[in-house]
Every structure is written in C-alpha cells, then in structure tokens.
Number of protein chains: 2
Amino acid sequence: MEEKVIPTKLLLDESELPKCWYNLKAILPHEPALNPATLKPCTVEDFKGVFCDELIEQELNEKDEYIEIPDEVIEFYKKVRPSPLIRAYDLEKVLDTPAEIYYKFEGNNTSGSHKLNSAIPQAYYAKKQGLKYLTTETGAGQWGTALSMASAYYGLGLTVYMVKGSAEQKPFRKAVIETYGAKVVPSPSNTTKVGREILEKFPNTTGSLGCAVSEAVEKATETSDCKYVLGSVMDHVILHQTIIGLETKTALEKFGIEPDILISCVGGGSNFGGFVAPFMKDKINGTKNYRIIGVEPKSCPSLTRGKYVYDYGDTGKITPLMKMYTLGNGFMPSSNHAGGLRYHGMNPIVSKLYHEGYIEAVSVEQTKVFEAAVKFAKSEGILPAPESSHTIKVAIDEALKCKETGEKKKIVFCLTGTGYFDLTAYMSYNNGTMQDYVPTEEDLQKGFSSIPDIPQNK
Amino acid sequence: MEEKVIPTKLLLDESELPKCWYNLKAILPHEPALNPATLKPCTVEDFKGVFCDELIEQELNEKDEYIEIPDEVIEFYKKVRPSPLIRAYDLEKVLDTPAEIYYKFEGNNTSGSHKLNSAIPQAYYAKKQGLKYLTTETGAGQWGTALSMASAYYGLGLTVYMVKGSAEQKPFRKAVIETYGAKVVPSPSNTTKVGREILEKFPNTTGSLGCAVSEAVEKATETSDCKYVLGSVMDHVILHQTIIGLETKTALEKFGIEPDILISCVGGGSNFGGFVAPFMKDKINGTKNYRIIGVEPKSCPSLTRGKYVYDYGDTGKITPLMKMYTLGNGFMPSSNHAGGLRYHGMNPIVSKLYHEGYIEAVSVEQTKVFEAAVKFAKSEGILPAPESSHTIKVAIDEALKCKETGEKKKIVFCLTGTGYFDLTAYMSYNNGTMQDYVPTEEDLQKGFSSIPDIPQNK
C-alpha cells in the first residue's frame, strides 16, 4: 500500500466553518430580473408580496461580497457541516489513473442533499420576520424534505405542493415530509383558484412543477403571516449554497491542494453556483486558471443548446423575467430520472458565467450516467443521486483522459446527494430498460417558441 | 445563546481511528457454544465447513484482549469512520433538561447502519482466504445491503437469501443490493434442498429468517470456494462492532467527558455489545460505575422476560446451542416494525453481562418509540431507524428524570442507523394505525416449550 500524505477525509473543524456566504454578484453583476408587466427591473416591492424581506435583500444585493451567516443558522449547520471533502482513493485505483480525485459530499443528512443548506436560512429568516407559515413546491422531493426539516426545527408551519405524479410515485418522500410535520398537498389541488381551474380543464392531470409553483405562490399571498420560498434558480439560494464552495476551498488550502478542474451538475444551478462561486474571483482575475465544468443531461440541455435570453422561470408565466440560458418555458423535458436537472432554464449568475466564458458545459446521456454511478458506488461505497451521477460521469471521463496523457490533474467535484429515494431509476438501469433521450431540433424549436416576444437587448 | 465548550460534533482524526478491536471475552469468558449432536463445546472443526478460518479463530478467541484490525479494513473504515459523536444540544433544549446528551451516529453510510463495520472485515477475510463467493440471509435488509457493499469492494460474488415477504415489501432494499452486484434470492426458493422442501409443504409461505439461514448455509457448503457469513449474534460480529465503543471512548476522553449512562438497543446484540464492550473493563473492575442499559421492544423481550439457557440460534435448529437469554427458538415475534430487534435470543456475551448484573435492560412499546423518534428527528434533524429509536426513547426518559432531579448526567447513546427504508412504519405511526403488542404469559410459555430438553447446568 502506497504512502498517503492526504487523508481519506479532508476534515475541517467546527471552528473552520465559514462565517459568511460569498456573493459573487458583488464582482460580477448580471442583467436584472424584469417585472413582466412593465419590463422594468424588479424592485423590493415587486417581490414583497411573495418572499421574506431578508431574502429579497439578498436577491438584489450587488454590493456586499461577503454576507454574514446568522449565528442561529451556524448552530444548525454544525450538525451536518463542515461536510467532508473525500479523496476518492478507491475510484482512482479502479480507473488506474494518475489523477487525484476529490469529492465534497453533501448527502450526509436526512434530506439527502445540499438543499438543506438553503432551507435552514430561509426558514430562519421567515421565523425572524415573525411569520408563522411557509409554502413551497417540490418535484422530486429533496427540497420539500429539506424545508420540512428546517420548518420543524424553527417551529414553522409548512405546506408543500408536491407534483401529483411524484406524490403518488414517491409515497416515502411524502412520508418523510409528513413525519417532519409538514402538510403535503398533491398538485393540482382544489385548495387554490389556479389548482381548481387546472383540475376543471384537465381532471386527470398528474400535475407539473409550474402548476405547483403557482399554487404555492397563491396560497402564500392569501395571509400576511405566510410567505413562499423555493429551493433553486434564485440568486439568494446560490448565495446560501456557497457554503459548499467556501468549505471546499478552505479544505483544499488546508491540505495544500491546488485544483485543476472543478465539476458539478447543473439543473436550476444552485449546487453548481454555490460550489464554484467562491473559486470564481481568482478565475475572473486571471490569477487561477481552473477549468470549471457544469454537467447537464442531454435530455434537458439548457446551457449547451439553450438561448441566452429573457424568459419566465416557470411554465405558468407568473415569475419575473430572467436573463438566462433557457430552452423556453414551454419546453417539455423527457422523463429523465434526475428530477433535479429537469428544468428549462438556468440561474442568471450561472448563465452569466457561461456566457462570459468562465465556465464550460457538457451534456451526458442517462445510461452512461448510471454506469458511472454504479462504478462509483462499488468503489467509494456511496450510492449517489442520479443528479450527482452526472457529475461523476464527467469526473471519470476527465480522470481517464489523465490516464492517457499521464497528467496528475487534481479533479474536485461536488457529490450533491444520495440516491436512496431514486431506486426506481437504478432498477430500470439494472434491468436494462433505461432509455436515453435527446431532444430533436424540432423539439427545441417548439420550446423556443414559448420565449416571450420582448425586446431582448436592453 | 450559552457559551459552548463542547463542539456539536466531537470529531476524531483519521489518525485516532482504533488499530485493534476489543475482545471482551479475554476478561469475561462465557459458557461455550455446544455441538447439538454431541453436547460438547464447539471446536474449529465444528465451524469449518460453514465459516471463514479467521472468523472462527476470532469466534473462539478468549486469549487476546486486543485483536489487530487489518490495514485493508482500516483503509475502508476511513471512508466512513471515525463516525461522529454528536452533542444533542437541540434535543436537550426541547426537553429542557440539565442532562448532557451525546449520540454516536453510525448511520452515515449507504447501508444506513452499523452493519457495515462487520461486513467489511468479513468480506476481507473471505477474500484473503481465497474464497470467491459468500452467502448470507437478510430480513429487514440492512445486513444484506452492507454485505453487498463489502463484497463489491473486495470483488466477491454474493448471494443474499432475503425473506420472501421482505423482498416483496421492500423492493428498494433489494434494488440497492442488486446495484452493488449481489444476487437476491427470495426465500424459500427452489435453489436449495431445504427451500424446495418448505415450498412443497407450504407453497404460499412468505418465508422466515430461520429458513433463509438454512438456505444460505446449505448453499455455502456446496462448494469449497464459498462460505456463509452473518451479521449479528456471533461473538466475532460483536468484536468488529467494538470499533463503535472504542471510538466513543476515545472521543469522550479527548473532550474530557465522563459518561454516567450508556444506552443502546438490543436485538441479536451486535451494536449493543460493540458499543459497550470497551467500557466494560472499568465497570467489571469497579473503577467506573456507569449505568449501561440495553433497550428491547416489549414485543420481543428476550432479556427482560426470557430464560438464560442453552438454545438454538435459529428456528430451523441447525446452529450450535448457545447459552443465552432466549424466548425459545420457536417464539414467534409480532410484526414489530423494528425488524432488527425481532430475534428470539441474544448474543452470549451480552447475555453473560446481563446475567452477571453488569448491565440493565428495559423494554419499550412501539408507539412510544416512534413518538421519541419524531421528537428526535425534528430537533436533531436525523430520521432514525426504528431500532435506534428504541434507544432514543430511553435516552429521553433518562434525560427527563434529570429534569426532575436537577442532575447534570451525561447520557451517551448509540444511534445505529437511519430510517430511510422504514417509512412504511413511520406512515403507520403518522396516520395513527400503529399497534403495540405485548406477548401474554401463554405466548411466552409456548416459546419456552421449544427450548431443547438438554441438561442446562454444566
């Protein structure tokens, strides 16, 4: 057995937990969100009816590079953070690569993913503001689980509008959320006006994320002691997720590791943005020349095949317009098993980074993703979430390139979560029935046609 | 917020990982297992056809107080160990108790429990001996999952005989095991003589653990490159599990904490034995006066209502006879949701400790257990396994006693696993349909009547 200077787990102490989140917009602002009625940049007032005050302030903040993490949030973070950065010694051995592979593991908590990083501050700010209830939507269920944990912790009521098809297919996700005391309402429901309208038109629909958003927003605006929160796409969510990148950076520095490549998957952009933002300053300044790669499914390729334009964040067209890479709010992604990567758009910070050429994007096919997942599980002992497995696929590809060239590159990726609630997907991979899907040009054009017809160059 | 001297997570470095397991039998031997045919103490020869050589040696070792952990096992342990010892600050706050509560968390790995601690060395020794295949049985599925991970890691083939009812009710457990490359055979099956016989007699049976054991043993003895392994009850399993107690002891000493009460649940005895064994020397010597409590379900009360006699370890009466607390090998436990605690007997080391008065035992009702589990989940953010929740119930009870007396006792418990695959149980608790079951005197007498009629006093 070879001499190891680097331990398997590059641990940080509680005292090394970051005290501030990193706000990349202070050095790289992006085009503002627009009020769809006026086409004017959104202000605090535009968000006020829906979101908590502190989150609106964070959403619009382009001034402070570091934003303090409240003590009460840090107290919770200490239960599950600093999360481990792990050297993938066994995966390296299986690949027989000279590359060094490291992964930041965000799945060691009951929500099973990084979503908890933002759920905790969001619930905390709501509590601090004197609110009593929150509403949100959930598709795959990771965000709903994370927010139910956070709401239980801070003593807030929570209603989760869960896409009906998902609630029916994933009764155990629903059970976890209910165990934490939240109310799960399969969407569309007759608890809201928009839900009733949709049910009347399509009585047999299994729902959609767009519809669940609309219901959650409507419910939140009914009473003054309730607000709506969400788990991705928004800039304040990325802000909270920078805890991932900050810890990774601290750990790499502590153990004297200079990364060459940073990789993570992109859906709405929250884990990716949070993972890479703290590394971007040096990249933008030109002091470091990391390669930074976002990985998306070939079935929903917003960065690699989308347009950089203003579009709605939801299919119901009720959100502000955001300048982002999008396949069009009407794009219907296939039933890719990675529910967390099935989104038509991309967070504006991540979109800006890509547009400016600071990051790369790669799209990968589902069956190849699961092949990589199983390889990882057998060597590293962790069953990864389908979303995270996209990242693993590209990390393995990069490590195998090093095998050819003999380069000892240092590859660092974010393992966002575990796949314990995604076993239907693994079963279809195991029994050979999993399908790949790549949208045709026609599919894309159909999606693009839903992009609103507004002046795109401001 | 109060000043905290103790961090939330009492972490150990990789360098503080124990180098040896602790063999309690070197200072407290127990009555030997007997060959049921001869009623003579079992020798290496009695075990040889079924078990790996190194495990037999460990099973019979009453000489060495410390047994070295192989480097290759330590390499794997480093991925998931040292496991965190966590101060339950939030649970203390919710209970408003002056007690300090700590839990050793063994659930942060894909098997979801402490079972991996023994699966890894068992697979390693098999590999080292040149074996190609292993067989085992699994009921609830935690052990099967852990062993599938270990077998994949060391490149061994594995067949898991999974109780048919469990395989049908828990398709996701089966899916995880298969993802790691193991073969799952619902038991009884037509792959063994004993399976075919049972199927002929009871074509509609949903199987039993006893039958699955018999099939796995039969299969293992068919070829010379295959052995049978199991995940509880045996002394060598407890030996491997002492990594839990050793780490706990090291962490407590590192942070200057003197425990007053140690608590864990008892089924076959493996987590409990492993957790408490390293603390027993001081207790036996009289240098420390910890209270040590084993918690069992009221529905399967082997310590609190069983007899301390020689009995078979399985319902099929094929194992050696062991001197243990037992409800009788024919005792039929109710469908308690904590599958890991549904065993008629108790490991001989744990039985000896109880018989000698070194440990206490408490039995608790299922609904109270889940009430404690939900309280824990909401405050500490971890969804506990039903088995582990038995421990939590008693830890909370002890902390509440401290609230009455004002004592600042230090309570340390082992949180053996997570409940992600036990959500059917949580659902029945959440919707109020969960039932408690306590065996009647008649039920017990029926079980006792299955205890073999042999001279019980040697």
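These numbers come from a predicted model, not from an experiment.

K.L.:
Tell me about the overall build of chain A, residues and numbers included.
P.N.:
Within chain A one finds 18 helices and 15 strands. Here chain A has a C-alpha radius of gyration of 21 Å; the compact-globule value for 458 residues is 23 Å, and the two agree. C-alpha extents for chain A along the principal axes are approximately 65 × 50 × 50 Å. Counting across all 458 residues of chain A, residues that qualify as buried make up 62%. Contacts in chain A between residues at least 24 apart in sequence constitute 77% of all its contacts with a sequence separation of at least 6. Working note: accessible area of chain A is about 16700 Å², and carbon and sulfur atoms make up 49% of it.

K.L.:
For the sheet that holds strand β8 (residues 183-187) of chain B, give the residues involved together with the corresponding values.
P.N.:
All names here are of chain B. If you walk across this open sheet you meet the four strands as β8-β7-β6-β9, and the pairing is parallel. Two strands bound the open sheet, and with one partner strand each, they are β8 and β9 (226-228). Mean inter-strand twist for the sheet, computed between neighbouring axes without regard to direction, equals 25°. Relative to β8, strand β7 (residues 157-163) is paired through five bridges, and the arrangement is parallel. Across the sheet, Tyr161 pairs through a bridge with Val185, a residue of β8. Relative to strand β6 (residues 133-138), helix α10 (residues 209-220) is tilted by about 170°, and along the sheet it contacts β6, β7, β8 and β9.

K.L.:
Describe the pattern of salt bridges, with residues and values.
P.N.:
Residue and element names in this part refer to chain B. One pass over the full model with this rule turns up 60 salt bridges over all chains. The residue Lys78 makes a salt bridge to Glu14 at a minimum N-O spacing of 3.7 Å. One end of the pair, Lys78, is in helix α3 (residues 71-80); the other, Glu14, is in the loop between β1 (9-10) and β2 (20-22), with 64 residues separating them in the sequence. Residue classification places Lys78 among the buried residues on the basis of a relative accessible area of 15%.

K.L.:
Please set out the sheet that holds strand β11 (residues 291-297) of chain A residue by residue, giving values where relevant.
P.N.:
All names here are of chain A. As summarised here, the arrangement of the seven strands in space is β1-β4-β5-β15-β10-β11-β14, forming an open sheet in which the pairing is mixed. Since the sheet does not close on itself, it has two edges, and those belong to β1 (9-10) and β14 (360-364), each with one partner. Across the face of the sheet, helix α12 (residues 270-285) comes into contact with β10 (261-265), β11 and β15 (410-415) while running at roughly 155° to β10.

K.L.:
Residue-level account of the interface of chain B and chain A, with values.
P.N.:
Taken residue by residue, the interface counts 45 residues in chain B and 44 residues in chain A. Across the interface of chain B and chain A, roughly 4000 Å² is buried in total on both sides, 58% from carbon and sulfur atoms. Contact with chain A buries surface across chain B, with B:Lys79, B:Thr179 and B:Tyr420 losing the most and accounting together for 16% of the total. Joining chain B to chain A, the criterion identifies four salt bridges. Between A:Asp90 and B:Lys79 there is a salt bridge, with the nearest N and O atoms lying 2.6 Å from each other. Across the contact surface, chain B and chain A share 20 residue pairs in polar contact (both at pLDDT 80 or more). Contributing elements (two or more residues each) for the side of chain B that touches chain A: α3, α6 (142-154), α8 (171-179), α15 (366-380) and α17 (423-430) of chain B. Top contributing element to the side of chain B that touches chain A by residue count: α8(B), with six residues. Looking at the side of chain B that touches chain A residue by residue, the class counts come to 23 nonpolar, 10 polar and 12 charged.

K.L.:
Got a sec to walk through the relation of the copies chain B and chain A? Specific residues and values, please.
P.N.:
Between chain B and chain A, the superposition needs a rotation of 180° and an axial shift of 0.0 Å, giving an RMSD of 0.0 Å. One copy is carried onto the other by what is essentially a two-fold rotation axis. No C-alpha of chain B approaches the rotation axis more nearly than that of B:Asn108, which lies at 3.1 Å.

K.L.:
Give me the lowdown on the packing of helix α11 (residues 235-254) of chain B against helix α12 (residues 270-285) of chain B, citing residues and values where you can.
P.N.:
Residue and element names in this part refer to chain B. At a closest axis distance of 6 Å, the pairing of α11 and α12 adopts a crossing angle of 55°. Viewed along their axes, α11 and α12 adopt a mutual orientation that is oblique. By crossing handedness, the relation of α11 to α12 is classed as right-handed. For the pair α11 and α12, the contacting residues are Val237, Ile238, Gln241, Thr242, Ile244, Gly245, Leu246, Thr248, Lys249 and Leu252 in the first and Ser270, Asn271, Gly273, Gly274, Phe275, Ala277, Pro278, Phe279 and Asp282 in the second. Looking at the contact of α11 with α12 residue by residue, the classes come out as nine nonpolar, eight polar and two charged.

K.L.:
Describe the pairing of strand β15 (residues 410-415) of chain B, listing the residues and the values that go with them.
P.N.:
Residue and element names in this part refer to chain B. In terms of burial, β15 is largely enclosed, as five of its six residues are buried. Bridging between strand β10 (residues 261-265) and β15 involves three bridges; their strand directions are parallel. Residue pairing for β15: Ile261 is matched across the bridge by Ile411.

K.L.:
Tell me about the side chain of B:Lys323, residues and numbers included.
P.N.:
The topology assignment puts B:Lys323 in strand β13 (residues 321-326). Beyond its immediate sequence surroundings of up to four residues, B:Lys323 is in contact with B:Glu31, B:Tyr308, B:Val309, B:Tyr310, B:Pro348, B:Ser351 and B:Gln456.

K.L.:
Before we move on, can you summarise helix α16 (residues 386-405) of chain B with the specific residues and values?
P.N.:
Residue and element names in this part refer to chain B. If you check α16, its first and last C-alpha atoms are 29 Å apart, about what 20 residues at 1.5 Å a residue would give, namely 28 Å. Along α16, 14 of the 20 residues are buried, which leaves the element largely enclosed by surrounding structure. Trailing α16 by a residue or two, Gly406 shows a phi angle of about 80°, which is positive.

K.L.:
Report on the packing of aromatic side chains, specifying residues and quantitative values.
P.N.:
Considering all chains together, one arrives at 36 aromatic pairs over all chains under this definition. Ring centres 5.6 Å apart and planes at 85° place the aromatic pair B:Phe279 and B:Tyr290 in the edge-to-face group. With B:Phe279 in helix α12 and B:Tyr290 in the loop between α12 and β11 (291-297), this pair connects stretches of sequence that are 11 residues apart. On the basis of relative accessible area, B:Phe279 is assigned to the buried category, the value being 1%. One aromatic cluster is present, built from ring pairs that chain together A:Phe76, A:Tyr124, A:Tyr125, A:Tyr153 and A:Tyr154. Stacked on the ring of A:Phe448, the Lys or Arg A:Lys307 has its end atom at 4.7 Å from the ring centre.

K.L.:
I'd like a description of unusual backbone geometry, backed by residues and values.
P.N.:
All names here are of chain A. Residue Pro188 is reached from Ser187 by a cis peptide bond, and omega for that bond is 5°. Note on placement: Pro188 falls in the loop between β8 (183-187) and α9 (193-201). Despite not being glycine, Asp96 has its phi angle at roughly 55°, a positive value. Mapped onto the elements of the fold, Asp96 is located in the loop between α4 (89-95) and β5 (100-105).

K.L.:
Break down the pairing of strand β6 (residues 133-138) of chain A for me, with residues and values.
P.N.:
Residue and element names in this part refer to chain A. In terms of burial, β6 is largely enclosed, as five of its six residues are buried. Pairing analysis gives six bridges linking β6 to strand β7 (residues 157-163), with the strands arranged parallel. Counted as the bridge partner of Leu134 is Leu158 from β7. Handedness of the crossover is the feature at issue here: the chain leaves β6, passes through helix α6 (residues 142-154), returns alongside β7, and the resulting connection is right-handed. Of the pairings in the sheet, the one linking β6 to strand β9 (residues 226-228) comprises three bridges and is parallel in character. Bridge assignment links Leu134 to a residue of β9, and that residue is Lys227.

What counts and what doesn't
Along each chain, residue indices are assigned from 1 in the same order as the chain's sequence is written. Here every chain gets a letter starting at A, and every ligand a number starting at 1, in the order they are written. Two thresholds apply to this predicted model, a pLDDT of at least 70 for residue-level local features and 80 or more for giving and counting side-chain atom pairs, whereas whole-chain, interface and lining totals are computed over all residues. Note: side-chain values were computed over all heavy atoms of the structure, leaving out hydrogens and water. The numbering of helices and of strands both runs from the N terminus, where a helix is a DSSP run of H or I of at least 4 residues and a strand a run of E of at least 2. Here the radius of gyration uses the C-alpha set of atoms, whereas the globule reference equals 2.2 Å times the residue count to the power 0.38. Relative accessibility under 20% of the residue-type maximum defines a buried residue, over 50% an exposed one, and the middle range a partly exposed one, all with a 1.4 Å probe and only protein chains included. Only heavy atoms matter for contacts: two residues are in contact if any of them lie within 4.5 Å across the pair. Using a 1.4 Å probe, accessible areas were evaluated by the Shrake-Rupley method; residue-level cover was limited to the displayed protein chains. Only when DSSP finds a minimum of two bridges between them are two strands counted as paired. Comment: axis = line fitted to C-alpha atoms, over the contacting stretch for helices; angle = value between 0 and 180 degrees taken between N-to-C directions. Here a salt bridge means any side-chain nitrogen of Lys or Arg lying within 4 Å of a carboxyl oxygen belonging to Asp or Glu. Buried area: the sum, over both parts, of the accessible surface (1.4 Å probe) that disappears when the two are put together. Under the rule applied, a polar contact is a pair of N or O atoms within 3.5 Å (in protein, one hydrogen donor and one hydrogen acceptor; residues adjacent in sequence only if both atoms are side-chain atoms). Here the nonpolar group is Ala, Val, Leu, Ile, Met, Phe, Trp, Tyr, Cys and Pro; Asp, Glu, Lys and Arg are the charged ones; every other residue, Gly included, is treated as polar. The copies were overlaid by least squares, fitting only the C-alpha atoms of residues that reach a pLDDT of 70 or more in each copy. Under this scheme an angle from 65 to 115 degrees is roughly perpendicular, one under 35 degrees roughly parallel, and one over 145 degrees roughly antiparallel; angles in between are oblique. Two helices crossing with the near one rotated counterclockwise from the far one by less than a right angle form a left-handed crossing, whereas a clockwise rotation gives a right-handed crossing. Take the number of residues in a helix, subtract one, and multiply by 1.5 Å to get its expected span. Put simply, two rings from Phe, Tyr or Trp (the six-membered ring, in Trp's case) pair if the centres are within 6.5 Å, and we call them stacked under 30 degrees between planes, edge-to-face over 60, tilted for the rest. By the criterion adopted, a ring carries a charge over it if an Arg CZ or a Lys NZ lies within 6 Å of its centre and within 35 degrees of its normal. By convention, orient the strands away from the viewer: a clockwise path from the first strand over the helix to the second makes the crossover right-handed.

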